Structures are given as structure tokens and as C-alpha cells.
Amino acid sequence: MKLLYSDILPLGMEDGQTSIIDCFHEQIADCDGADIAVGYVSRAALEELDMLAAEHGLRHISLTMGMYYVEGMPESTYRTALAINEKWRSAGIGEIRVVRAFKYHGKVYVFHKDGDVKSAILGSANLGAIKLEAGNRRQYETACLTTDPAECCEMLGLIRRLQDNRCSANIADIADMPLIREINTSLTGVDTVDQVPQAEVSIYERHKTGVSFVLPIKVPAFAERHMDDGKHYTKSNLNVCYAAPRSARKSRDWYETQFTVNKSITLLPGYPEKNVTFYVVTDDGYTFRAHTTSDGNKQFSAVGDELILGRWIKGRLAAAGLVTPVNDTQLDRDRRGMITKEMLDAYGCNQLVLTKTDQKMEDEDGSLLDVWFLSFESSHEAEEDGE
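Here goes a summary of the coordinates provided. It should be emphasised that the depicted structure is a prediction, and the values quoted were computed from it without experimental measurement. (Residues numbered from 1 in each chain as written. Predicted model: local features only at pLDDT ≥ 70, side-chain atom pairs only at ≥ 80, totals over all residues. Heavy atoms only, no water.)

Topic: the packing of aromatic side chains
Inference 1: Under the criterion given, the structure shown has eleven aromatic pairs.
Inference 2: Consider the rings of F259 and F300, whose centres lie 6.4 Å apart with planes at 90 degrees: the pair is edge-to-face. Here the residue F259 occupies a position in strand β14 (residues 259-260), and F300 occupies one in strand β17 (residues 299-302), the gap between them amounting to 41 residues. Take F259 and F300: they sit in the same class, and that class is buried.
Inference 3: Judged by centre distance (5.8 Å) and plane angle (50 degrees), the ring pair of F278 and W372 falls under tilted. Of the two residues, F278 is situated in strand β15 (residues 278-282) and W372 in strand β19 (residues 368-377); the sequence distance between them amounts to 94 residues. Like F278, the residue W372 is buried in the burial classification.
Inference 4: Three or more aromatic residues joined by ring pairs form one cluster here, namely F213, F259, Y271, F278, F300 and W372.
Inference 5: A cation over an aromatic ring shows up here: R181 above the ring of Y347, its NZ or CZ 3.9 Å from the ring centre.
Inference 6: If you follow R311 out to its NZ or CZ, it ends over the ring of Y255, 4.6 Å from the centre. (Phe/Tyr/Trp six-rings, centres within 6.5 Å; stacked < 30°, edge-to-face > 60°. Helix = DSSP H or I, 4+ residues; strand = E, 2+ residues; numbered from the N terminus. Buried < 20%, exposed > 50% of the residue type's maximum accessible area, 1.4 Å probe, protein only. Lys NZ or Arg CZ within 6 Å of the ring centre and 35° of its normal.)

A look at the pattern of salt bridges
Inference 1: For the structure shown, the criterion picks out 18 salt bridges.
Inference 2: Linking D35 and R160 is a salt bridge whose minimum nitrogen-to-oxygen distance equals 2.9 Å. Residue D35 is located in strand β3 (residues 33-38), and its partner R160 is located in helix α5 (residues 149-163); the two are separated by 125 residues in the primary sequence.
Inference 3: Looking at R160, the relative accessible area reads 38%, which means it is partly exposed.
Inference 4: The salt bridge partner of K360 is D370, with a shortest N-O separation of 2.4 Å. Here K360 is found in strand β18 (residues 351-362), whereas its partner D370 is found in strand β19, with ten residues between them in sequence.
Inference 5: Here D370 falls in the partly exposed class, since its relative accessible area comes to 23%.
Inference 6: Residues joined in a network through salt bridges with shared partners are D30, K113 and K118. (Salt bridge = Lys/Arg side-chain N within 4 Å of Asp/Glu carboxyl O.)

Note that every value here comes from positions in space, so none of it alone points to a role or purpose.
Following this line, the structure appears as C-alpha cells:
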């Protein structure tokens, strides 16, 4: 047995000692398969493990996660795990499983080579230890490396029992995985946007009236991202940033949106009047001034900043790990930053619901403005709310 350490001052590494992260990289570089069972993971660690499996040509890789089915899993980490699981299953090399029968908090790593168990690491380190980030850089862990065949086989036996269907399931087969929505930081620091405590959001929600409008989000399917006839992406609500730049020297901002509402909705009784400012309170705790503008009252937007609505919607998709913000939309020739129907389906929301409340909010000049509740929902949720 060999003791492994974290390298954190003032308890730094001494001569002859080995860090957990270095030992892990040494073992995975000298194996052709690995079985891992931990309590928690991180998105960065999942990506690192996938990269190492490909880099070293692993023929088998299995990861079992033990705490998330009971406690809930951060959404972006879940999306990353789903994608890597699909990649491994398609390649026939392994899978990612989730313990469902109980909370498993152990941390065991078993490495194979040429059909035999080669080594194992047992200790306090979750998978995040293989990819240091701000959140775990000052977290001290210890572990042990063993090459004893009996000990390694006993640890592998534990993992194999965890992999049994009585204990766990493949992550793609779990329909009721509890997810933790991650905070959308895209609106942080925007002068015209304020945050509202969740308790106050609940109050506004309870004061909703029967005046409500469903605003479908228009985006292309994944296969339509490269159709440039102007009907598929330049006119879609969230992807106007991919239209021709307003200036030859500057691309449109990725967060730019032009949320166009169909005439069949804008003509309904009670729809907000053109150019009349009101406040919106969002379902995730933001408030900003909004209005409807343009011919036929068709544009719904925040007042004074055309990026705010995009920061709110796209920021939530980015926080969920479904898309990465693009720095220069004109250089995004593969349109990886384009919002698609598949992304909205994965997030579980494909429309906005704008509902008037019976509340007022004071504007900067002291006038009282109507408050509308704005939520990002699925069509199924909207149907249930209307029942």
C-alpha cells in the first residue's frame, strides 16, 4: 500500500510522496480499462476522464455515481454525463451509471491491464480530484494505492455489485433523475436588471391574474442550422445574432434576440399595449422593465437593452450545459452556438408565458408600473397551468 496526498500548502508534498492526481494519471496511462465508483463528480472531471480514456485508448471504462439520485444532480454536469455515456456506449467501451437504491459515498478506482486487475486507489477523493478547479483546489484529500491482487479484486467486486441493476441504472435509462437548476450568471452586473428573492417571486406568482399569453420560441432543428435562406435562423427568435452584422467590423452579440410575437397573439384582449413600459418578474428571480414595440406590436423586449432577454433565456441554456456562449458569431461557422429545437427539448422548455399580475412596481420616476410574471416553460406545463 502507498499513501497518496494532496499538494496544498502549508501541508505541501515532501520528497518521495505522490499526489492523488499524479497517481491517477500514471495508473490510467498504464492500463486498458478502469472501473470507478464515487459519490460525486464535476463537469470538468467528466470531460477530463473522457479525454484520458480516448488519449490512452481504453477498451473499457465504467463510472458509477452514488449520491445524485437522492440529492439531485447539477444540470450541466448531468448533461455532460449523458453525452459521455452515449459516446462510450456507442463505442462499446463502457457506460455511466447512477446508484438508486441508497446513497453511495465511497471512492474507489480500479485499473485493468491485459485482462487482469492491475491496481486500485481507495480514499476520500471524488472524481473532481482528477481535474483541479477553484472549488476543490484548497480541499485536502488522502488516498491509498494498492497493487495487491486480493485487495484490488475485492474493490472490483464491490464496484461490480454496485453496477448490478438492483443497485444502479444507466444514466440514460433514469427518467426521474432529480436535477438542480444552475444559476444563470449572464445577467449579473447588468445595471437595468435586479434580482428578486425567491420568496418574493412566489408572492408575485400567487398574484397572477387570468390574463396570460403563451409566446412560442421559434428556433430551427439541428439539421437546419446551415440553411441560409433567411427562413430558418435569421428570423428565429433566439438566433438573430447569426444574421448579417450591422457593421463590417463587428459581429452581432451572441445574446442578441428579436423576440417576434405572432399577430394572432398580439391582437388578443389584454396583450400589453405598444410602447407602454411594464416590469417583468421572472420565474428564476430577475426583474427588469419591458415593453412591446414595432409594427403590429410584434416585438417583445427589455427596455433599453436588446441583450437582456437573450441573456435570460440563452444564459439558462448555457448554465444547463446545453450550449456555450460564442465570442464572435461570424466565426462560428459550424454554428455550435445556435439554439435548436433539440436544445429546448433537452432543457424541457420551449416557450415563454407572460402573465399579468395584480401588482404594481415603482419606476425610477416614481410612477407605478404594472408587473407581469414571465416564465420559461414547456408546452406541457402551460397546458397544466391552464387546466
